[in-house]
Amino acid sequence: MTVHLEVADGVGTLRLDRPPMNALDVATQDRLKELAEEATRRDDVRAVVIYGGEKVFAAGADIKEMQAMDHTAMILRARGLQDSFTAVARIPKPVVAAVTGYALGGGCELALCADYRIAGDNAKLGQPEILLGLIPGAGGTQRLSRLIGPSRAKDLIFTGRQVRADEALTLGLVDRVVPAAEVYEQAHAWAAKLAKGPALALRAAKESVDTGLETDIDTGLAVERNWFAGLFATEDRERGMRSFVEEGPGKAKFL
């Protein structure tokens, strides 16, 4: 299999495993969707790390496979391509991308599906599709512009240039830069901490933010309001408030 789901201590690691560059061919895309949906369903997965290994995150689509596709074939495949990435973006749990080496094209788009991105100091990110006479097709034109703003996104998409970790941090494309050897460890620690949090409240927070970015503010506020009130029916809310009153802030332990 080209993607594995490994679960330990509440953290599920979606591990790309298609050496040497983790090229995202159709089979890998479909497997990614399958495992993202499994991570969504599993109660023992409370947070997720996306990881490509010590040397490379994912260097993009399988160009040789795509070259053999004509217009009709890509019309039939394009939705499946987007759906595989959307399945990752819609995991209703905290998701962190652990980025080492290249995260280009589809690899960058996959990192964009995470809630948080930790990059190694050896990382290079970009959307080079324009150099093939194409545009990003797995969500890059939409998620990148929402993350770093339209002008910066257009610069990366129009030029196809790669950015190193330090520039990616400045752009807001990644959230933290660490030594390459520490990327997975730190990403797992981020996920493990949140895996101990209130699962439904984290889901509510993620859905409220994501929905708000995709709609008008009144609709976003309505989503927030409904989740906020609904959480008052949960055991986690009762546990959290009781702990605050009796022990002080930040000491609640959630199931």
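Everything here concerns the structure above.
Residues numbered from 1 in each chain as written. Predicted model: local features only at pLDDT ≥ 70, side-chain atom pairs only at ≥ 80, totals over all residues. Heavy atoms only, no water.

A.B. asks: Provide a residue-level description of the pattern of salt bridges, including the pertinent values.
C.D. replies: Taken as a whole, this structure holds twelve salt bridges when the rule is applied. Where Asp30 meets Arg77, a salt bridge forms, and the shortest distance between an N and an O atom there is 3.0 Å. On the criterion of sequence distance, the pair formed by Asp30 in helix H1 (residues 26–41) and Arg77 in helix H3 (residues 71–89) is long-range, its members being 47 residues apart. Assessed through its relative accessible area of 36%, Asp30 is described here as partly exposed. The exposure class assigned to Arg77 is buried, which follows from its relative accessible area of 14%. (Salt bridge = Lys/Arg side-chain N within 4 Å of Asp/Glu carboxyl O. Helix = DSSP H or I, 4+ residues; strand = E, 2+ residues; numbered from the N terminus. Buried < 20%, exposed > 50% of the residue type's maximum accessible area, 1.4 Å probe, protein only.)

A.B. asks: Lay out the pairing of strand S4 (residues 95–99) in plain terms, naming residues and giving numbers.
C.D. replies: Each regular strand displays side chains that alternate between the two surfaces of the sheet. The element S4 is largely enclosed, with a buried count of five among its five residues. By the alternation rule, side chains of S4 split into Val95, Ala97 and Val99 and Val96 and Ala98, which are all buried. Both S4 and strand S6 (residues 116–120) contribute to a ladder of four bridges, which runs parallel. Within S6, the residue paired with Ala97 across the bridge is Arg117. (Pairing = 2+ DSSP bridges.)

A.B. asks: So what about the nonpolar core? Which residues, and what values?
C.D. replies: In terms of nonpolar packing, the biggest core is built from 45 residues, with Phe57, Leu125 and Leu173 touching the most fellow members. No other element matches H3, which puts five residues into this core. If near-sequence neighbours (up to four positions away) are discounted, Leu125 is found in contact with Ala103, Leu104, Cys108, Arg161, Gln162, Val163, Ala168, Leu173 and Val174. Counting residues in each nonpolar core, the second largest holds 14 residues, with Ala98, Val178, Trp190 and Ala195 among its members. (Core = buried A, V, L, I, M, F, W, Y, C linked by side-chain atoms within 4.5 Å. Contact = heavy atoms within 4.5 Å.)

A.B. asks: Kindly report on helix H11 (residues 235–247), identifying the contributing residues and their values.
C.D. replies: Along its 13 residues, H11 runs 17 Å from first to last C-alpha, staying within 8% of the 18 Å computed at 1.5 Å per residue. Positive phi appears at Gly248, one or two residues downstream of H11, with a value of about 100°. (Expected span 1.5 Å × (residues − 1).)

A.B. asks: I'd like to hear about helix H8 (residues 183–195), residue by residue, with values.
C.D. replies: The end-to-end C-alpha distance of H8 is 18 Å, a good match for the 18 Å that 13 residues give at a rise of 1.5 Å each. The set of residues buried in H8 consists of Val183, Ala187, Trp190, Ala191, Ala192 and Ala195. Contacts from the buried residues of H8 go to strand S2 (11–16), strand S3 (47–51), S4, S6 and strand S9 (176–178).

A.B. asks: Describe the sheet that holds strand S8 (residues 162–164), naming the residues involved and giving the relevant values.
C.D. replies: Pairing is mixed in the open sheet, where three strands are placed in the order S5-S7-S8. Both edges of this open sheet fall to strand S5 (102–104) and S8, since each of them pairs with a single strand only. On average, each strand axis in the sheet is tilted by 20° relative to the strand beside it, whichever way the strands run. Two elements, S5 and strand S7 (residues 124–126), share three bridges in a ladder whose sense is parallel. Along S7, the bridge assignment pairs Leu104 with Gly126. (Axes fitted to C-alpha atoms, helices over the stretch in contact; angles between N-to-C directions.)

A.B. asks: Let's hear about unusual backbone geometry: which residues, and what values?
C.D. replies: Cis geometry marks the peptide bond from Pro19 to Pro20; its omega dihedral reads 5°. Considering the arrangement of structural elements, one finds Pro20 in the loop between S2 and H1. A positive phi angle is found at Asn22, which is not glycine, with a value near 55°. Within the secondary structure, Asn22 sits in the loop between S2 and H1.

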